[in-house]
Amino acid sequence: MQQQMEITGGTTHAELDAWVKGVADHTQPEAVVWVTGSQEESAQINATLVEAGTFTRLAEDKKPDSYLALSDPQDVARVEGRTFICSRREQDAGPTNNWMDPQEMKDTLRPLFEGSMRGRTMFVIPFVMGHLDAEDPKFGVEITDSPYVVASMRIMARIGSDVLARMEETDAAYVKGLHSVGAPLADGEDDVPWPCNETKYIVHFPEERAIWSYGSGYGGNALLGKKCYALRIASVMARDEGWLAEHMLILKLTSPDGEVHYVAGAFPSACGKTNLAMIQPTMPGWSAELVGDDISWMRFGQDGRLYAVNPEFGLFGVAPGTGRGTNPVAMDTIEQGHSIFTNVARTPDGDVWWEGMTKEEPAALTDWHGNPWTPGSQVKAAHPNSRFCTPIRQVPTIAPEYDDPRGVPISAIMFGGRRKTTVPLVTQARDWQHGTFIASTLSSETTAAATGEVGVVRRDPMAMLPFIGYNASHYFEHWLALGEGADPDKLPKIFLVNWFRRDEDDRFLWPGFGENSRVLKWMLDRIEGRVGAQESPIGLLPRPEDLDTEALDLSEEDLAAALAFDPQEWEAEIPLIQEWFDKFGDELPAALREELAALQERLAGQ
Ligand code: GTP
Ligand code: SPV
Ligand code: MN
């Protein structure tokens, strides 16, 4: 290492020490800081970020201990086109991932990382995804030159000295996450508020359990514990070890009789997980509590049931559309402060605002570009993928089980997408295999959570298209195998939902949000054998009278249209599913082809 490099902290974990030193030698930071996670350290990092212009502190009486960050306008979302799974064999990445030979990728990236941290501090963040007291704690270390990432990771994951101490005691294996914004500073060069690089690489080496991320400072590109580790790398670990790493919320529901069920739900990015995880049921006597809002790790327990844990420790929620009317729990959560807001607008009195927070637009704002904004302005005040980053324990409806290393037993799994047509409000799968088929063909319109066109229908299997860290055919196989090995009576029941169906005038047919509790109730009643359903070619559907519509403000026509199965729309869906399956050729599990053939037969028999 350079003589002048200032180092704060260190480790007795020899292998970790060697890795960190090697990275420092290569990336040439001015200083190295081992992140402890302490209050004082956090205050210092926040102060550094304010000084650098990355953070603006919000008014203490509006959002205590909270900050606004405005990113570079070209660094606002995950970059799926720049995301790679570099398994040794191309076939192991499969047809849905970008692939490059790992050696070739390293040869490409090493020159980019060389000296990439010059003039900056390199932070070393020890973290654990899930509970430190889990039977098999899943450790990670992120090396980053972004203090914004440190501040965000402190909220999103369990980090710091306790984690490092445990890693040292057990000489633990860990996932190596290397991140640089790719913006070295020359001697005396002034920094910009949001350093990043036009060249971006989000790269995973699944066999090595390593992540190299270059050029972006935003969200899932940079907070490596989240999508890169807890989904892409973890899905590979899960395949090898017989569990599941999924893009799912986890919700606890209690009926008026005190009956408790836990449900999980997979929805693609910006399709309603955080909102559903914070649902306020509209039906009297029902309560809902949050266990997780984005990621679920699931494994079978001794009792044969599937248990889910939320590996995260914070929320990284979509801001636009979050308001008192739609998600009061989220509003109560962020009001307590201790949050980072990125790419939202600022009010003159030091608060934040975004589209959908209030019905009435504020008279004057500073928009996410830092420009003056008034209600007449032609641009959005907040970026559509702007986010709040908040500690999960601030959620007023948090279930205490969120912090239980054993997790919670799952009764039902929902899969949902954003579809204007075709997909009814709710459908129950016949069994696990049929549910896996439904999930493997899940479709949704693209959103602003990733760069690229918005509103295009694409297949998004298990809401995991951008997050499966290996060949999707093998991932389907893994789902099927887990079901085959389990007691069918103890498996979660699988449902397909769609809150986003519209009429000819493009109006949502279903009111959504708190009213989704009626759909949840039907699912639980199905599980308990208390309510009927009708057979259809696509699965079991509620008749209008099967749903609890007491005090629901919805016309009979709209309800019927939301629930309807339309054979013609499904005939049109078949070639799209076929085209999707053809991508996988011979590798697609035969059971899924059989399910497709059976669906076609049932449709033809209509
Ligand atoms: P990621 O954090 O990107 O994974 O997103 P998410 O799945 O957690 O989505 P989120 O709950 O943040 O919702 C995204 C958008 O969908 C917001 O603008 C919500 O207002 C909207 N939304 C959520 N639930 C519903 C619903 O039931 N009906 C309608 N119409 N919109 C909804
Ligand atoms: C998603 O895109 O699904 C998110 C946001 O939850 S990010 O952390 O950027 O992946
Ligand atoms: Mn997500």
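Residues numbered from 1 in each chain as written. Chains lettered and ligands numbered in written order. Predicted model: local features only at pLDDT ≥ 70, side-chain atom pairs only at ≥ 80, totals over all residues. Heavy atoms only, no water.

Some points on the overall build of the chain
Along the chain, the regular secondary structure elements total 16 helices and 31 strands. Along the longest, intermediate and shortest principal axes, the C-alpha atoms of the chain span 75 × 55 × 40 Å. Contacts spanning at least 24 positions in sequence make up 74% of the contacts within the chain whose residues lie at least 6 apart. Approximately 23300 Å² of the chain is accessible, and the part contributed by carbon and sulfur atoms is 48%. The centroid of the 53 positive side-chain charges in the chain is displaced by 1 Å from the centroid of its 92 negative side-chain charges. (Helix = DSSP H or I, 4+ residues; strand = E, 2+ residues; numbered from the N terminus. Contact = heavy atoms within 4.5 Å. Areas by Shrake-Rupley, 256 points an atom, 1.4 Å probe, with all protein chains shown as cover. Lys, Arg positive; Asp, Glu negative; His and termini not counted. Charge placed at Lys NZ, Arg CZ, Asp CG, Glu CD.)

Description of the site of ligand 1
Close to ligand 1 lie 22 residues, the nearest being Ala 270, Lys 273, Thr 274, Asn 275 and Arg 387. The side chain of Asn 275 places a nitrogen or oxygen atom 2.7 Å from an oxygen atom of ligand 1. One of the side-chain nitrogen or oxygen atoms of Arg 418 is found 3.0 Å away from an oxygen atom of ligand 1. Compared with its free state, where it exposes 660 Å², ligand 1 has 92% of that area covered by protein. (Near = heavy atom within 4 Å. Polar contact = N/O pair within 3.5 Å; in protein donor to acceptor, adjacent residues only side chain to side chain.)

Considering helix α2 (residues 39-51)
With 13 residues, α2 should cover 18 Å at 1.5 Å per step; its first-to-last C-alpha distance of 18 Å lies within 8% of that length. Three or more residues of α2 are buried, namely Glu 41, Ser 42, Ile 45, Asn 46 and Leu 49. Looking down the long axis of α2, one finds its buried residues gathered within 135° of arc, a one-sided arrangement. Those residues of α2 that are exposed and aimed more than 90 degrees away from the buried face are Gln 39, Glu 40, Gln 44 and Glu 51. Looking at the buried side of α2, the elements it contacts are β2 (31-34), β3 (55-57), β4 (67-69), β6 (121-129) and α5 (147-156). (Expected span 1.5 Å × (residues − 1). Buried < 20%, exposed > 50% of the residue type's maximum accessible area, 1.4 Å probe, protein only. Arc of directions from axis to C-beta.)

Observations regarding the pattern of salt bridges
Side chains that differ in sign of charge can pair as their charged atoms come close. Following the criterion strictly, the structure yields 42 salt bridges and no others. With a shortest N-O distance of 2.8 Å, Arg 120 and Asp 191 are connected by a salt bridge. With a gap of 71 residues between them, Arg 120 in the loop between α4 (102-113) and β6 and Asp 191 in the loop between β9 (174-180) and β10 (201-205) connect regions that are remote in the sequence. Here Glu 515 ties to Arg 518 by a salt bridge, and the two come within 2.8 Å at their closest N and O atoms. When salt bridges that share partners are traced, they join Glu 259, Glu 515, Arg 518, Lys 521, Asp 525, Arg 530 and Asp 548 into one network. (Salt bridge = Lys/Arg side-chain N within 4 Å of Asp/Glu carboxyl O.)

Quick word on the coordination of the manganese ion (ligand 3)
Around the manganese ion (ligand 3), the donor atoms from the protein are Lys 227 (NZ), His 247 (NE2) and Asp 294 (OD), and they sit 2.1 to 2.5 Å away. Every donor counted, the 6 donor atoms about the manganese ion (ligand 3) form angles of 64 to 175° at the centre, which fits irregular coordination. (Donors = N, O, S within 2.8 Å, 3.2 Å for Na, K, Ca; no water. Tetrahedral: all angles 85-135°; square planar, octahedral: opposite > 155°, others 65-115°.)

Examining the packing of aromatic side chains
Counted under the stated rule, the structure contains 26 aromatic pairs. Seen in terms of ring centroids, Phe 205 and Trp 212 are 5.4 Å apart; in terms of plane orientation they differ by 75°. Their pairing is edge-to-face. Per residue, the accessibility class of Phe 205 equals that of Trp 212, and both read buried. On the numbers, 6.0 Å between centres and 70° between planes, the contact of Phe 437 with Phe 581 is edge-to-face. Pair noted here: Phe 437 is in helix α11 (residues 432-440) and Phe 581 is in helix α15 (residues 567-582), with a separation of 144 residues, a long-range link. In terms of burial, Phe 437 and Phe 581 fall into one category: buried. A connected cluster of aromatic rings, assembled from ring pairs, spans Phe 55, Tyr 67, Tyr 148, Trp 194, Tyr 218 and Phe 316. Over the face of the ring belonging to Phe 508 we find Arg 502, whose NZ or CZ atom lies 4.2 Å from the ring centre. (Phe/Tyr/Trp six-rings, centres within 6.5 Å; stacked < 30°, edge-to-face > 60°. Lys NZ or Arg CZ within 6 Å of the ring centre and 35° of its normal.)

So, the domain arrangement of the chain
Domain boundaries in the chain define domain 1 (6-54 + 78-242), domain 2 (245-314 + 401-605) and domain 3 (315-394). Relative to domain 3, the C-alpha centre of domain 2 lies at a distance of 29 Å. Together domain 2 and domain 3 conceal approximately 1300 Å² of surface at their shared face, both sides included; 67% is due to carbon and sulfur atoms. Together, Met 278, Gly 314 and Ala 448 form the three largest contributors to the area buried by domain 2 at its contact with domain 3, with a combined 36%. Linking domain 2 with domain 3 are 0 salt bridges, by the criterion used here. Between the two partners, domain 2 and domain 3, sit 2 residue pairs in polar contact (both at pLDDT 80 or more). At the level of elements, α9 (273-277) and β15 (287-292) are the ones that each hand at least two residues to the side of domain 2 that touches domain 3. Looking at the side of domain 2 that touches domain 3, its residues break down into 9 nonpolar, 5 polar and 1 charged. (Domains from an automatic or database assignment. Buried area = accessible area lost by both parts, 1.4 Å probe. Nonpolar A, V, L, I, M, F, W, Y, C, P; charged D, E, K, R; others polar.)

Side note on the UniProt feature "domain: Phosphoenolpyruvate carboxykinase C-terminal P-loop" (unreviewed entry) in the chain
This chain's UniProt record puts "domain: Phosphoenolpyruvate carboxykinase C-terminal P-loop" (unreviewed entry) on residues 243-602. As annotated, residues 243-602 comprises 23% helix and 23% strand, and the C-alpha atoms at either end are separated by 33 Å. (UniProt positions renumbered as here; feature names shortened; annotations may be inferred.)

Looking at the sheet that holds β4
If you walk across this open sheet you meet the 5 strands as β3-β4-β19-β24-β18, and the pairing is mixed. Strand pairing shows two members of the sheet lacking a second neighbour, β3 and β18 (314-318), which therefore form its edges. The mean angle between the axes of side-by-side strands here comes to 20°, regardless of whether they run parallel or antiparallel. Pairing geometry for β18 and strand β24 (residues 387-391), over 5 bridges, is antiparallel. What sits directly across from Gly 314, in β24, is Pro 391. (Pairing = 2+ DSSP bridges. Axes fitted to C-alpha atoms, helices over the stretch in contact; angles between N-to-C directions.)

Quick look at the UniProt feature "binding site: Mn(2+)" (unreviewed entry) in the chain
Those residues carrying the UniProt feature "binding site: Mn(2+)" (unreviewed entry) are Lys 227, His 247 and Asp 294 in this numbering. A maximum C-alpha distance of 9.5 Å among these annotated residues, which run over 68 residues, shows that they cluster at one spot. Tracing the backbone shows His 247 in the loop between β12 (244-246) and β13 (248-254). For His 247, a relative accessible area of 0% puts it in the buried group. The contacts of His 247, once residues within four sequence positions are left out, are Lys 227, Leu 231, Gly 265, Ala 266, Phe 267, Pro 268, Ser 269, Lys 273, Asp 294, Ala 463, Met 464 and Phe 467. Only 3.2 Å separates the side chain of His 247 from the side chain of Asp 294, close enough to count as a polar contact. In this structure, Asp 294 is in contact with Lys 226, Lys 227, Glu 246, His 247, Met 248, Leu 249, Lys 273 and Glu 312, ignoring residues within four places of it in sequence.

Section: the packing of α11 against helix α12 (residues 472-484)
It is at 9 Å that the axes of α11 and α12 come closest, and there the two elements cross at 160°. The angle between α11 and α12 places the two elements in the roughly antiparallel class. For the crossing formed where α11 meets α12, the hand is right-handed. Of the residues in α12, those touching α11 at Trp 432, Gln 433, Thr 436 and Ser 440 are Phe 476, Trp 479, Leu 480 and Gly 483. When its residues are assigned to classes, the contact of α11 with α12 shows 4 nonpolar, 4 polar and no charged. (Parallel < 35°, antiparallel > 145°, perpendicular 65-115°, else oblique. Left-handed = near helix turned anticlockwise from the far one by under 90°.)

Description of the side chain of Thr 390
For Thr 390, the position within the fold is in strand β24. Leave out the neighbours within four places in its chain, and Thr 390 touches Ile 155, Gly 314, Leu 315, Thr 333, Ile 334, Gly 337 and Ser 339.

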